[in-house]
Amino acid sequence: MAWLILIVFPIQIGVNFLYYIQMIGRAQRMGNHFDNVTSMVFTGLQEGFYPGVKGTLYFYIPLLTMGLISRELHSGSIKLLLSSPIKVRDIVLGKYVAMMGYGAMLLLIICAYCVAGSFFITNIDWSLLASGAMGLYLLICAYSAIGLFMSSLTTYQVVAAISTLAVLAGLNFVGGLFSGNDTVRHITYFLSIAGRTEQFIFGLISTQDIVYFLIVIGFFLAITGMRLQDQREARPTSTRILRYLGLVGICFGIGYLSTLPMLTGYADMTATKAHTLGPQSRELIASMDKPLKVTTYVNILDNNYYLGAPEKKSEDERILTPYRRFMPDMEMEYVYYYDFSNNEGLYKNYPGESDAAIAKKVADIQDLDYKKVLKPEEVKKMLDLGPEENRLVRSLQYGDKQTFLRYYNDIRIYPGEQEFTAALKRLITPDAIPSVTFLTGNGERSITKAGMRTSSVS
C-alpha cells in the first residue's frame, strides 16, 4: 500500500498542479494580469494546489496506518512484542516515527512541485509555500497519530481505516456542534481540526494552531501507549479511568492556555504581509491606553441575521483575528434583539402580524431561546439603533466613547481594515474626523435617489 501511494500520490497532485498552471497561463494569454500568482496557484480558496493535496491526505493516511498495530494483533505477534524487554513507549514511537519519515517523503514530493512552480511564476513567494508545507506536514503527523490509535483497537485493518476516517470526519464537524452555547462552543471549536491547516496554507502561522496539532499528536500517541500497556499489566479499572481522565485534563489545560490572546503569537508568512494590519492601523492601536469593546447587535428580523447567528460566532470572531493580534485585550459581545427592519420578504410571509409575533416564529425557526432576545424598549435602553435602521451592526466602545462599524449590503459585506481603522480614529482622535462635501447643480446624480438621474443635462 505504501509503495502504491508513493506512485499514485505524485501523479494525482501533479495533474492538479498542471491544471492550475494552465488555467493561469490561458487567462494571461487572454489579456488578464495577476499580481499574486503564487497565492492563486497554491492557496486558492475554491481551487488550489495545497487544498487539493489536503483533500488527498484525508483518504491516503488511513490506508497507511490501518495495519500498523492491527496487523500485529491479527497475527498474534503483538504478544511477542509485549513480552519482550522493550518499552511500550518504544513500540509506539517506533511505528509513529516511521510514519513521520513516510510523511517526510510525501512532503518532499509536494516541495518538488513548489520548485517546479518557480520556473513558471516570477518572484514566487517562498515563505508562503513554506508555511503551507508546514501545515500539511503537521496534518500528516496528526492523521498518523489518530490512525495509529485506531489501528490498536481492532484486528481488522479495514475496520481500522474506516474508524480513522470516522474520527477525522468527527474532528472536522465537531466545531459546528452546540454553537449556540457560549461555553460549549469554545470547547467544540477548539476540538475542531477544520480550518487549522488552511491558516498555514494562507500564510498565517499561529502558536494556537501549532499547539493544537501537538496536543492531538501527543494525546493519541499517549492513549495508544496506555492501551498497549494495559494489555501488558493488569491494573484496576478505576486506575485506568483516572489515567485517561488525567490525560484529557492535561490536554485541555494546555489547549486553554494556548487560546488565550495574551499568549498567542502570530507569524505572517506572506511576502505582502496580507494578514498584518498596515503601519497606520498599528500606530493607532499602539496609542490606545484602554481596552476596546466590540458589541455586535443582531436583529433577528434583519435579512443579515445569519451573519451574526449564534452558530456563526466563532467564525465571526476569527474574522477579527488581525485586530486581536495587536489588541489581545479586546472584548467581544453579542446582543440579540428584535425590532422593525427593512426585511420586506419576511414581512410578506407574515402579513398583519406584529414584530413580537414574527420574532417568536423566527426564534422558533432558528432554534433561539426567545427569552434571551431583547425587546425594542430593552435594547433602546442600551443603545438607540434607530439611526442604523435596526440593521446588523457592530458598536465599538473605547472608554466613554462609542461609534458604529457597519456591515454592507454589497459584495463585500464585512468591513475591512480601512473601515475599522476609520472607526478607531473617530474614537481615539475625534478632532481628526474628516468632512465629506457633496457638490450639486452640475448635472451629477442625486445621492438620495436610485435609478436614472432626472436632470436633462447629458
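Check the entry above for the structure.
Here we summarise the structure given alongside this text. Keep in mind that this is a model prediction, so the values were computed, not measured. For every chain, the first residue of the written sequence is number 1, and numbering continues from 1 onward in sequence order. Local features in a predicted model are, by the rule used here, given only for residues with pLDDT of at least 70; side-chain atom pairs are given and counted only at 80 or more, and totals for whole chains, interfaces and linings are based on all residues. Hydrogens are left out, water is left out, and the side-chain values use all remaining heavy atoms of the structure.

### Description of the overall build of the protein chain
In terms of regular secondary structure, the protein chain is built from 19 helices and 6 strands. Each principal axis of the C-alpha distribution contributes one length, and for the protein chain these read about 90 × 60 × 50 Å. Mean positive and mean negative side-chain charge positions of the protein chain (42 and 39 charges, respectively) differ by 7 Å. A run of H or I in DSSP counts as a helix once it spans at least four residues, and a run of E counts as a strand once it spans at least two, with each numbered from the N terminus. Charge assignment: positive for Lys and Arg, negative for Asp and Glu; neither His nor the chain ends contribute. A charged residue contributes its charge at one atom only: NZ of Lys, CZ of Arg, CG of Asp or CD of Glu.

### Regarding the packing of helix H11 (residues 207–232) against helix H12 (residues 237–259)
Fitted lines through C-alpha atoms give the axes, limited to the stretch in contact for helices. The angle between two N-to-C directions lies from 0 to 180 degrees. Running from N to C, H11 and H12 point in directions that differ by 175 degrees, and their axes come no closer than 10 Å. By the angle class used here, H11 and H12 are roughly antiparallel. Residues Gln208, Val211, Ile215, Phe219, Ala222, Ile223, Met226, Arg227 and Asp230 of H11 form the contact with H12, whose own contacting residues are Arg240, Arg243, Tyr244, Leu247, Val248, Cys251, Ile254, Gly255, Ser258 and Thr259. Residues were grouped as follows: Ala, Val, Leu, Ile, Met, Phe, Trp, Tyr, Cys and Pro as nonpolar; Asp, Glu, Lys and Arg as charged; and all remaining residues, including Gly, as polar. Split into classes, the residues belonging to the contact of H11 with H12 amount to 11 nonpolar, 4 polar and 4 charged. Between 65 and 115 degrees an angle is taken as roughly perpendicular, under 35 as roughly parallel, over 145 as roughly antiparallel, and anywhere else as oblique. A contact between two residues is defined here by any heavy atoms of the two lying within 4.5 Å.

### What to know about H12
With 23 residues, H12 should cover 33 Å at 1.5 Å per step; its first-to-last C-alpha distance of 33 Å lies within 8% of that length. Accessibility here uses a 1.4 Å probe with only protein chains present; expressed as a share of the type maximum, an area under 20% marks a residue as buried, one over 50% as exposed, and anything in between as partly exposed. Buried within H12 are the following residues: Leu247, Cys251, Gly255 and Ser258. Helix span, as expected, comes to 1.5 Å for every residue beyond the first.

### Observations concerning the packing of aromatic side chains
Any Phe, Tyr or Trp ring, taking Trp's six-membered ring, that has another such ring centre within 6.5 Å forms a pair; planes under 30 degrees apart are called stacked, those over 60 apart edge-to-face, and the others tilted. A complete count under the given rule lists 19 aromatic pairs for this structure. With a centroid separation of 5.3 Å and an interplanar angle of 85 degrees, the aromatic rings of Phe219 and Phe220 are classed as edge-to-face. Since its relative accessible area comes to 22%, Phe219 is described here as partly exposed. Since its relative accessible area comes to 11%, Phe220 is described here as buried. Connected via pairs of aromatic rings, a cluster forms that spans Phe17, Phe42, Phe49, Tyr50 and Tyr113. Lysine NZ or arginine CZ positioned within 6 Å of the ring centre and within 35 degrees of the ring normal marks a charge as sitting over the ring. The lysine or arginine in question, Arg196, covers the ring of Tyr212, its NZ or CZ lying 4.1 Å from the ring centre.

### A closer look at unusual backbone geometry
For Lys273, which is not glycine, the phi dihedral falls at a positive 55 degrees. Notably, Asn390 is not glycine yet its phi reads approximately 55 degrees, a positive angle. Position of Asn390 relative to the elements: it lies in the loop between helix H18 (376–382) and strand E5 (393–398). Taking relative accessible area as the criterion, Asn390 reaches 10% and is therefore assigned buried.

### Quick word on a nonpolar patch on the surface
Side chains of Met1, Leu4, Ile7, Val8, Ile11, Val15 and Leu63 sit close together on the surface and give an oily, nonpolar patch of about 630 Å² of accessible area. Ranked by residues supplied to the nonpolar patch, first place goes to helix H1 (residues 2–29) with 5 residues. We classify Met1 as partly exposed; its relative accessible area is 48%. Like-charged residues are merged into a patch within 9 Å and nonpolar side chains (Val, Leu, Ile, Met, Phe, Trp, Tyr) within 5 Å, provided each residue has over 30% relative accessible area and no salt bridge. Here, Shrake-Rupley sampling with a 1.4 Å probe gives the accessible areas, and only protein chains in the shown set may cover a residue. The rule for a salt bridge is simple: a side-chain nitrogen of Lys or Arg has to be within 4 Å of a carboxyl oxygen of Asp or Glu.

### A short note on the sheet that holds E5
Only when DSSP finds a minimum of two bridges between them are two strands counted as paired. Here 4 strands make up an open sheet; going across it, the order is E4-E3-E5-E6 and the pairing mixed. One side of each edge strand has no neighbouring strand; the edge strands of this open sheet are strand E4 (331–337) and strand E6 (401–406). Averaged over all adjacent pairs, the angle separating strand axes in this sheet is 25 degrees, with direction ignored. Bridging between strand E3 (residues 292–299) and E4 involves 7 bridges; their strand directions are parallel. Its bridge partner lying in E4, Val294 is registered against Met332. In the packing of helix H19 (residues 417–428) onto the sheet, contacts are made with E3, E5 and E6, and the angle to E6 comes to roughly 165 degrees.

### Description of the nonpolar core
Core analysis: the biggest nonpolar cluster contains 70 residues, and Phe9, Phe42, Phe49 and Tyr50 have the highest contact counts within it. Sorting elements by how many residues they give to this core places helix H7 (residues 126–151) first, with 15 residues. Leave out the neighbours within four places in its chain, and Phe42 touches Phe17, Gly48, Phe49, Tyr50, Pro51, Tyr113, Cys114, Gly117, Ile121, Ile124, Leu129 and Ile201. With 40 residues, the next largest nonpolar core counts Leu292, Tyr398, Leu424 and Ile428 among its residues. The definition of a nonpolar core used throughout is a set of buried Ala, Val, Leu, Ile, Met, Phe, Trp, Tyr and Cys residues joined through side-chain atoms within 4.5 Å.

### Let's talk about the pairing of E6
Here E5 pairs with E6 via 6 bridges, running antiparallel. The partner of Gln397 across the bridge, within E6, is Gln402. Remark: 2 residues form the turn of the hairpin made by E5 and E6, two consecutive strands paired antiparallel; Gly399 in that turn has positive phi of roughly 65 degrees.

### Thoughts on the side chain of Glu72
With respect to the element layout, Glu72 can be found in helix H4 (residues 70–75). Glu72 gets classed as buried once you look at its relative accessible area, which sits at 18%. Polar contact criterion, stated in full: a pair of N or O atoms within 3.5 Å, where within protein one must be able to donate a hydrogen and the other to accept it, and residues adjacent in sequence count only if both atoms are side-chain atoms. Among the polar contacts made by the side chain of Glu72, one reaches the side chain of Ser77 at a distance of 2.3 Å. In contact with Glu72, not counting residues within four places along its chain, are Ser77, Ile78, Leu81 and Lys95.

### Some remarks on the side chain of Glu317
On the secondary structure map, Glu317 appears in helix H14 (residues 313–319). In this structure Glu317 comes out as buried when scored by relative accessible area, which is 19%. Excluding its chain neighbours within four sequence positions, the residues that come into contact with Glu317 are Arg185, His186, Met332 and Tyr334.

### Here we look at the environment of Arg412
Mapped onto the secondary structure, Arg412 falls in the loop between E6 and H19. Using a relative accessible area of 48% as the deciding quantity, one classes Arg412 as partly exposed. Here the side chain of Arg412 touches Glu419 through a polar contact of 2.8 Å, side chain to side chain.

### Concerning the pairing of E5
The buried fraction of E5 amounts to 5 of the 6 residues, a majority that puts the element mostly inside the structure. With 6 bridges connecting them, E3 and E5 associate as antiparallel partners. Residue pairing for E5: Thr295 is matched across the bridge by Ser395.

### Description of helix H3 (residues 49–65)
Taking 1.5 Å per residue as the helical rise, H3 with its 17 residues ought to reach 24 Å, and the 24 Å between its terminal C-alpha atoms agrees with that figure. Consider a residue and the seven residues that end there alongside the seven that start there; fitting an axis to each set, the bend is the angle between those axes. Along H3, the sharpest kink reaches roughly 30 degrees, centred on Leu57. Those residues of H3 not exposed but buried are Phe49, Tyr50, Val53, Lys54, Thr56, Leu57, Tyr60, Ile61, Pro62, Leu64 and Thr65. Where H3 is buried, its residues contact H1, helix H2 (37–42), helix H6 (88–117), H7, helix H8 (157–173) and helix H10 (196–201).

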